Amino acid sequence: MGRFDGLPIREELKSFEPYGAPQLDVPILLNVNENPYPPSEETVADIAASVAEAARGLNRYPDREFLHLRADLAAYLGRESGGRLIAEQVWAANGSNEVMLHILQAFGGPGRTALSFAPTYSMYPEYARDTNTAWVTGRRAEDFTLDQSKALAAISRHRPSVVLLASPNNPTGTALPIQVVEALAARTAAIGAVLVVDEAYAEFRRTGTPSAVTLLPSYPNLAVARTMSKAFALAGGRLGYLAASKQLVDALRIVRLPYHLSAVTQAVARAALRHSDELLGRVEQLRVERDETVDWLRSLGLRAVDSDANFVLFGTFADRHAVWQSLLDDGVLIRETGPDGWLRVSIGTGAEMAAFRASLERVLKTDIGRLT
Ligand SMILES: *Cc1c(COP(=O)(O)O)cnc(C)c1O
């Protein structure tokens, strides 16, 4: 008996489970790259007041174009990345996952191909599948950087209509040099394709790493995706966005569902943006804690990938699942992801990282912690 017997489910969906990291009730949550610091009571009160104001108009549909929120996001992104943007160049949806689905709905589809470079974010193939877009991947190098000439060759070979490039990449933490991003933007422009640079972790990048936002004036086929879920400490608010040319944004407006961004979401996001200094206030501390975590892992003889994000990929273990389970037995939930042998830990509070270190030290003294 199949799970979907009697239902006309699409053939290619039959073997899938709903995607997602385990949501377990344990004390130390270091598995989905959230910011571990909740908003202050003052910010909570302002968000609540904004939601109350929105609630007074909930009998009406929300503002479909949400240009106030888009203007606020444009102003924030301009400040953060040193670019200049207008509201019409910004798009938003319920998480940057939905923003990227809009991209595939507008620019992918049957007979078309989306290309990325593995290992990378595990959701990308799902957007392709859900929009009937063919999915192909090139490889990243051993150190998880991208070889520019190989990447350009993959674009020429596969002729994608969409190229997805995560920088900093998940699950490796690797940011790409802006020259590589620009070379890909130029090549995709030449073949009439869209390049999406997924900068979900951009605020955590190391000093001196420019954002792809600075390339927007030269490349109307470029989209830079961001999210309020990570550095911005608003994962529960579900607000992702992108910046691009006005033409590219106009294409996304065709495929969005009417009123896809609720009045409550708009109010929460705008209130959070008013408190961006506070919400982003721990980013510097998390970057320091990240670099210390890399150093600490290496001092134990482990491999740890340099990271521009709020997580570290480390290993390599003979049995990574057993290591993951042992940490979980201590109440520390990390993520079993990336190439075989590797594990990923999100950067938490000082106390959470101390618990992680204590647990991993214990496991490394046992047979379970064998390295390869
Ligand atoms: C977390 C993450 C996102 C953001 O997801 P949201 O839907 O905005 O919460 C996007 N891209 C990558 C690579 C991520 O890791």
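Bear in mind the structure is a predicted one, so any value in this text is a computation, not a measurement. (Residues numbered from 1 in each chain as written. Predicted model: local features only at pLDDT ≥ 70, side-chain atom pairs only at ≥ 80, totals over all residues. Heavy atoms only, no water.)

(A) Inspection of the domain arrangement of the chain at higher detail. For the chain, the assigned domains read domain 1 (11-30 + 282-369) and domain 2 (41-278). Taking only C-alpha atoms, the centre of domain 1 and the centre of domain 2 are 26 Å apart. Domain 1 puts 22 residues into the contact, and the matching count from domain 2 is 25 residues. Buried area between domain 1 and domain 2, summed over both chains or domains, comes out near 2000 Å², and the portion from carbon and sulfur atoms is 55%. (Domains from an automatic or database assignment. Contact = heavy atoms within 4.5 Å. Buried area = accessible area lost by both parts, 1.4 Å probe.)

(B) A look at the pairing of strand 12 (residues 343-346). The side-chain alternation of strand 12 yields two buried faces, one formed by L343 and V345 and the other by R344 and S346. Bridging between strand 10 (residues 311-315) and strand 12 involves 4 bridges; their strand directions are antiparallel. By the bridge assignment, L313 is partnered in strand 12 with R344. (Buried < 20%, exposed > 50% of the residue type's maximum accessible area, 1.4 Å probe, protein only. Helix = DSSP H or I, 4+ residues; strand = E, 2+ residues; numbered from the N terminus. Pairing = 2+ DSSP bridges.)

(C) Region of the structure containing the side chain of S359. Locating S359 in the fold gives a position in helix 12 (residues 350-364). Within the structure, the side chain of S359 is placed 2.6 Å from the side chain of D330, a separation counted as a polar contact. Leave out the neighbours within four places in its chain, and S359 touches S326, L327, D330 and V332. (Polar contact = N/O pair within 3.5 Å; in protein donor to acceptor, adjacent residues only side chain to side chain.)

(D) How the structure looks around the UniProt feature "modified residue: N6-(pyridoxal phosphate)lysine" (unreviewed entry) in the chain. Here, UniProt's "modified residue: N6-(pyridoxal phosphate)lysine" (unreviewed entry) annotation points to K230. You can see K230 is positioned in the loop between strand 7 (222-227) and strand 8 (240-244). Using a relative accessible area of 14% as the deciding quantity, one classes K230 as buried. For K230, the contacting residues outside a window of four places in its chain are V32, N33, N35, A200, Y201 and F204. (UniProt positions renumbered as here; feature names shortened; annotations may be inferred.)

(E) Expanded view of the packing of aromatic side chains. Per the stated rule, a full pass over the model turns up 10 aromatic pairs. Relative to F232, the ring of Y76 has its centre 5.3 Å away and its plane inclined at 80°; by these criteria the two rings are edge-to-face. Here the residue Y76 occupies a position in helix 2 (residues 67-81), and F232 occupies one in the loop between strand 7 and strand 8, the gap between them amounting to 156 residues. The class for Y76 is buried, based on a relative accessible area of 4%. On the basis of an interplanar angle of 75° and a centroid distance of 5.8 Å, the ring pair of F314 and F356 is categorised as edge-to-face. With F314 in strand 10 and F356 in helix 12, the pair connects residues that are 42 residues apart, well separated along the chain. Both residues of the pair, F314 and F356, belong to the buried class. (Phe/Tyr/Trp six-rings, centres within 6.5 Å; stacked < 30°, edge-to-face > 60°.)

(F) Fine view of the sheet that holds strand 2 (residues 90-93). Strand order in the open sheet formed by 7 strands is 2-8-7-6-5-3-4, and the pairing between neighbours is mixed. Strands at the two margins of the open sheet, each flanked by one partner only, are strand 2 and strand 4 (134-139). Between one strand axis and the next, the sheet turns by 25° as a mean value, whatever way the strands run. As defined by bridge partners, strand 6 (residues 194-198) adjoins strand 7 across 4 bridges and the pair is classed as parallel. Looking at strand 7, one finds that V197 is bridged to V224. Lying over the sheet, helix 2 contacts strand 2, strand 7 and strand 8, oriented at roughly 115° with respect to strand 2. With respect to the sheet, helix 7 (residues 246-255) is in contact with strand 2, strand 6, strand 7 and strand 8, its orientation differing from that of strand 8 by roughly 140°. (Axes fitted to C-alpha atoms, helices over the stretch in contact; angles between N-to-C directions.)

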